[in-house]
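Chain by chain, the residues run as shown.
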Amino acid sequence: MHKAPPDSTSPSPLVSLIPVAVLILLMTLVIKLFGSGALYGGSQVALIIAAGVTIAVSMGVYHNPWKELEESIEDNLKAICVAMLILLMIGTVSSSWMLSGIVPAFICYGLQCISPKVFLLAVCLICAIVAVVTGSSWTTIATIGVAMIAIGEALGFSPAWTAGAIISGAYFGDKISPLSDTTVLASSTAGVPLFEHIKYMMITTVPSFAIALIIFLIASLCHTAPSAAVTSEVSDALRRTFNITPVVLIVPAVTCFLIVKKVPALLTLLLASAMAGVMALIVQPDIMAEVAGADRLTFESASRATFLSYFNGAAIDSGNESLNRLIETKGMNGMLPTVFLIICAANFGGTLVGSGMIQSITGYMMRRISSRVGLVASSVFTGIFCNMATSDQYLSIILNCSLYRELFEDKGYEPRLLSRTAEDSTTVTSVLIPWNSCGMTQSTVLHVPTMTYLPYCFFNLISPLMSILVAATGYKIYRSVISPQSDSQSAPEESTGKA
């Protein structure tokens with residue numbers, strides 16, 4: 001990570017908040033003006049202007065060299081290169097899994113198997129299990145999540161409620177999975193063994209998830225299910241359009257196998273889209289001919305359909321207007337606005353780090369911490385703030401753990417308290433911020449605006465509060481004790497709960 005400039009050239013905390021305030025005001029204006037279309041230009045412009053304000057203040061007022069800012073921006077862009085490629089591959093997977101009949105098959109079988117009375121609960125649990133196995137909330141949402149949104153609409157559930165259940169389950173599974181990159185990053189940055197970190201997280205994560213499941217169960221029980229004729233109409237429309245067969249489920253089965261074998265995410269998504277492309281040509285020849293604009297499939301039209309489906313996706317007419325919107329895909333092309341936004345966000349985050357503004361704000365907060373609850377709460381709010389300021393969960397985790405590691409140590413607390421707090425705040429809230437890479441990605445994949453699904457992501461909303469609540473009770477929070485032989489041990493805090 002790029003180092004901040006010397007203290008003599010660092011801006012004050014109050015001045016450091018100016019670019020953040022500018023961004024929030026601009027994003028509020030953009031969302032008001034463009035609504036769900038904010039992703040297609042307005043948000044990018046807002047981030048560029050906010051970065052310009054940061055550069056102007058840093059260079060014009062504090063005379064920081066441009067080289068410092070440029071190097072910090074470069075570091076951020078390097079860190080997101082793989083993420084951008086993964087995004088493009090998610091676009092190809094989303095399109096090819098739809099056109100090959102994989103997602104339609106999930107929808108048809110799901111309508112037969114999942115009762116509306118437990119639908120949201122089932123969605124949350126299924127996404128949690130898949131995310132634990134895969135270690136990826138992004139992959140879970142882009143595959144299982146897309147199908148669940150369609151099933152939910154067929155059963156009469158609001159996309160916002162379904163998206164909330166999907167995201168809650170996916171981020172719970174991602175958070176506790178040893179295969180998760182954010183879990184590994186938080187534990188390694190805080191200096192905690194991976195499985196010790198996961199075990200300690202259970203204290204706050206399990207209660208948060210249990211509360212979310214109860215809410216989703218109650219919402220499902222209170223939901224008035226549509227008549228069987230409605231769900232049958234959706235299923236029949238899919239069967240008329242696609243060749244629904246269990247054969248297509250070979251692709252997700254192989255994809256899960258690759259993930260369990262820890263094949264890198266980029267390679268897994270590449271193979272998943274390639275297999276689905278071949279499956280589409282074999283099982284859905286009529287649809288692929290339609291995509292190519294040909295009467296039948298030949299080598300030339302098959303090649304054209306494959307390239308078009310990966311890049312542009314396709315709009316298929318199922319004869320059901322509401323269903324058409326759900327099965328429409330945009331391929332890599334549909335992910336480009338998100339990629340552009342992530343680049344702009346990385347640029348803004350780089351200027352904040354390079355100018356020393358983030359370090360100035362968090363340093364101000366840390367100097368005023370005197371209690372255990374204040375320490376945990378400060379780390380929680382810093383994680384959320386970093387998600388808003390840098391627009392990237394990975395950078396936010398690194399910043400949060402790096403900035404607080406010494407302070408937790410000075411206060412006598414074990415590093416696993418820091419790693420848990422970072423996950424409780426940074427990892428789960430990234431998807432709730434419209435201009436964060438996670439929020440942008442999931443809203444694009446699910447076709448539900450971030451601010452629309454935000455109130456229903458109960459696990460993500462409860463986790464930061466649970467972290468502070470557990471800190472207030474002092475449950476399982478230990479002090480680090482140095483013995484005369486200089487061996488580091490752990491001892492529980494006094495029952496008075498004083499920090």
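Cut-offs used in this document
Every chain's residues receive numbers from 1 upward, in the order its sequence appears when written. Local features in this predicted model are restricted to residues whose pLDDT is 70 or higher, and side-chain atom pairs enter the listing and the counts only when it is 80 or higher, whereas totals over whole chains, interfaces and linings include all residues. Only heavy atoms go into the side-chain values, all of them from the structure, while hydrogens and water stay out. Here a helix means four or more residues in a row that DSSP labels H or I, a strand means two or more in a row labelled E, and each is numbered from the N terminus. When checking whether two residues touch, look at their non-hydrogen atoms; a contact exists if any pair is within 4.5 Å. For the area figures, the Shrake-Rupley method with a 1.4 Å probe applies, and any residue is considered shielded solely by the protein chains shown. Lines fitted to the C-alpha atoms define the axes, with helices restricted to the stretch that makes contact. Angles between their N-to-C directions range from 0 to 180 degrees. Roughly parallel covers angles under 35 degrees, roughly antiparallel covers those over 145, roughly perpendicular covers 65 to 115, and oblique covers all other angles. Take the far helix as the reference: if the near one is turned anticlockwise from it by less than a right angle, the crossing is left-handed, and if turned clockwise, right-handed. Amino acids are sorted into nonpolar (Ala, Val, Leu, Ile, Met, Phe, Trp, Tyr, Cys and Pro), charged (Asp, Glu, Lys and Arg) and polar (every other residue, Gly among them). In this scheme Phe, Tyr and Trp rings, the latter by its six-membered ring, pair at centre separations within 6.5 Å, and the angle between planes marks the pair as stacked below 30 degrees, edge-to-face above 60, and tilted otherwise. A ring has a charge above it when a Lys NZ or an Arg CZ is no more than 6 Å from the ring centre and no more than 35 degrees off the ring normal. A patch consists of residues whose relative accessible area exceeds 30% and which take part in no salt bridge; residues with like charges are grouped when within 9 Å of each other, and nonpolar side chains (Val, Leu, Ile, Met, Phe, Trp, Tyr) when within 5 Å. Salt bridge criterion: a side-chain nitrogen from Lys or Arg within 4 Å of a carboxyl oxygen from Asp or Glu. Here, expected helix span is obtained from the residue count minus one, scaled by 1.5 Å. Note on bend: at a given residue it equals the angle between the axes fitted to the 7 residues ending there and to the 7 starting there. The rule is simple: take the accessible area with a 1.4 Å probe, protein chains only, and divide by the maximum for that residue type; under 20% is buried, over 50% is exposed, in between is partly exposed. Per-residue confidence from the prediction method is given by pLDDT, with values spanning 0 to 100. Pairs of N or O atoms are called polar contacts if they sit within 3.5 Å, as long as, within protein, a hydrogen donor faces a hydrogen acceptor (for residues adjacent in sequence, only side-chain-to-side-chain pairs).

It is worth spelling out the overall build of the chain at this point. When its secondary structure is counted, the chain shows 23 helices and two strands. Put simply, 77% of the contacts in the chain that link residues at least 6 apart link residues at least 24 apart. Accessible area of the chain: about 20300 Å², with a carbon and sulfur share of 66%.

In contact at an axis separation of 10 Å, helix α1 (residues 13–34) and helix α18 (residues 372–390) are set at 70° when each is read in the N-to-C sense. On the basis of the axis angle, α1 is roughly perpendicular to α18. In terms of crossing hand, the pair formed by α1 and α18 is left-handed. Together, Leu-17, Val-20, Leu-23 and Ile-24 of α1 and Phe-385, Met-388 and Ala-389 of α18 make up the contact between the two elements. Considered class by class, the residues forming the contact of α1 with α18 number seven nonpolar, no polar and no charged.

Next up on the list: the side chain of Ser-16. Following the sequence through the fold, Ser-16 ends up in helix α1. Other than its neighbours up to four places away in sequence, Ser-16 contacts Pro-11, Met-357, Ser-360 and Ile-361.

Using the criterion set out here, one finds nine aromatic pairs in the structure. Among the aromatic side chains, those forming a connected cluster through ring pairs are Trp-161, Phe-216, Tyr-456 and Phe-458. For the cation-ring pair, Arg-420 lies above Tyr-200, with the distance from its terminal atom to the ring centre recorded as 4.2 Å.

Attention now goes to a nonpolar patch on the surface. Side chains of Leu-29, Leu-33 and Phe-34 sit close together on the surface and give an oily, nonpolar patch of about 320 Å² of accessible area. Note that Leu-33 resides in helix α1.

We now examine helix α19 (residues 393–410). Compared with an ideal rise of 1.5 Å per residue, which puts 18 residues at 26 Å, α19 spans 26 Å between its outermost C-alpha atoms and is within 8% of the ideal. In the structure, α19 departs most strongly from a straight axis at Tyr-404, where the bend amounts to approximately 40°. Restricting attention to buried positions, one finds in α19 the residues Gln-393, Leu-395, Ser-396, Ile-397, Leu-399, Asn-400, Cys-401, Leu-403, Tyr-404, Leu-407 and Phe-408. The first or second residue beyond α19 is Gly-412, which carries a positive phi of 90°.

With that out of the way, let us pick up the environment of Cys-401. Relative to the elements of secondary structure, Cys-401 occurs in helix α19. With 18 residues separating them along the chain, Cys-401 and Gly-383 place their C-alpha atoms 9.1 Å apart. If sequence neighbours within four positions are ignored, Cys-401 has contacts with Ala-186, Thr-189, Ala-190, Leu-418 and Ala-422.

Mapped onto the fold, Pro-434 is located in the loop between α20 (415–429) and α21 (437–446). When near neighbours in sequence (up to four residues on either side) are disregarded, Pro-434 contacts Ile-31, Gly-439, Met-440, Thr-450 and Met-451.

Where α18 meets α19, the closest approach of the two axes is 9 Å, and the angle between their N-to-C directions is 150°. Considering their axes alone, α18 and α19 lie roughly antiparallel with respect to each other. Crossing hand, α18 versus α19: right-handed. In this structure, α18 contributes Leu-375, Ser-378, Ser-379, Thr-382, Gly-383, Cys-386, Asn-387 and Thr-390 to the contact, and α19 contributes Gln-393, Leu-395, Ser-396, Leu-399, Asn-400, Tyr-404, Leu-407 and Phe-408. Taken together, the residues of the contact of α18 with α19 break down into seven nonpolar, nine polar and no charged.

Attention now goes to the pattern of salt bridges. Evaluation of the coordinates by the stated rule reveals three salt bridges. For the salt bridge of Lys-175 with Asp-424, the shortest nitrogen-to-oxygen distance reads 2.3 Å. Within this pair, whereas Lys-175 is found in helix α7 (residues 159–176), its partner Asp-424 is found in helix α20, the two being separated by 249 residues in sequence. With relative accessibility at 0%, the residue Lys-175 sits in the buried group. With a closest N to O distance of 2.7 Å, Glu-414 and Arg-416 form a salt bridge. The burial state of Glu-414 is the same as that of Arg-416; both residues are buried.

This paragraph deals with the confidence of the model for the chain. Model confidence for the chain is summarised by a mean pLDDT of 82, while 89% of its residues fall at 70 or above. By mean pLDDT, the top-scoring element of the chain is helix α23 (residues 458–473) (94), and the lowest-scoring one is strand β2 (residues 488–492) (46). In the model, residues 3–8 has pLDDT below 50 throughout and makes 10 contacts with residues more than four positions away in sequence or in other chains. Within the model, pLDDT remains below 50 along residues 482–491, and this stretch shows 13 contacts once partners closer than five positions in the same chain are excluded.

Turning our attention to unusual backbone geometry. Backbone geometry at His-63 places phi at a positive 55°, although glycine is not the residue there. Within the element layout of this structure, His-63 appears in the loop between α2 (42–60) and α3 (66–99). Owing to a relative accessible area of 63%, His-63 belongs among the exposed residues under this scheme. For His-447, which is not glycine, the phi torsion reads 60° and is therefore positive. The topology assignment puts His-447 in the loop between α21 and α22 (450–453). Given the relative accessible area of 46%, His-447 is considered partly exposed.

Positionally, Ser-425 belongs in helix α20. Judged by its relative accessible area of 0%, Ser-425 is buried. Here Ala-422 takes part through its backbone oxygen, which lies 3.4 Å from a polar atom of the side chain of Ser-425. Excluding residues that lie within four positions of it along the chain, Ser-425 makes contacts with Ser-379, Val-380, Gly-383, Ile-384, Asn-387, Asn-400 and Pro-464.

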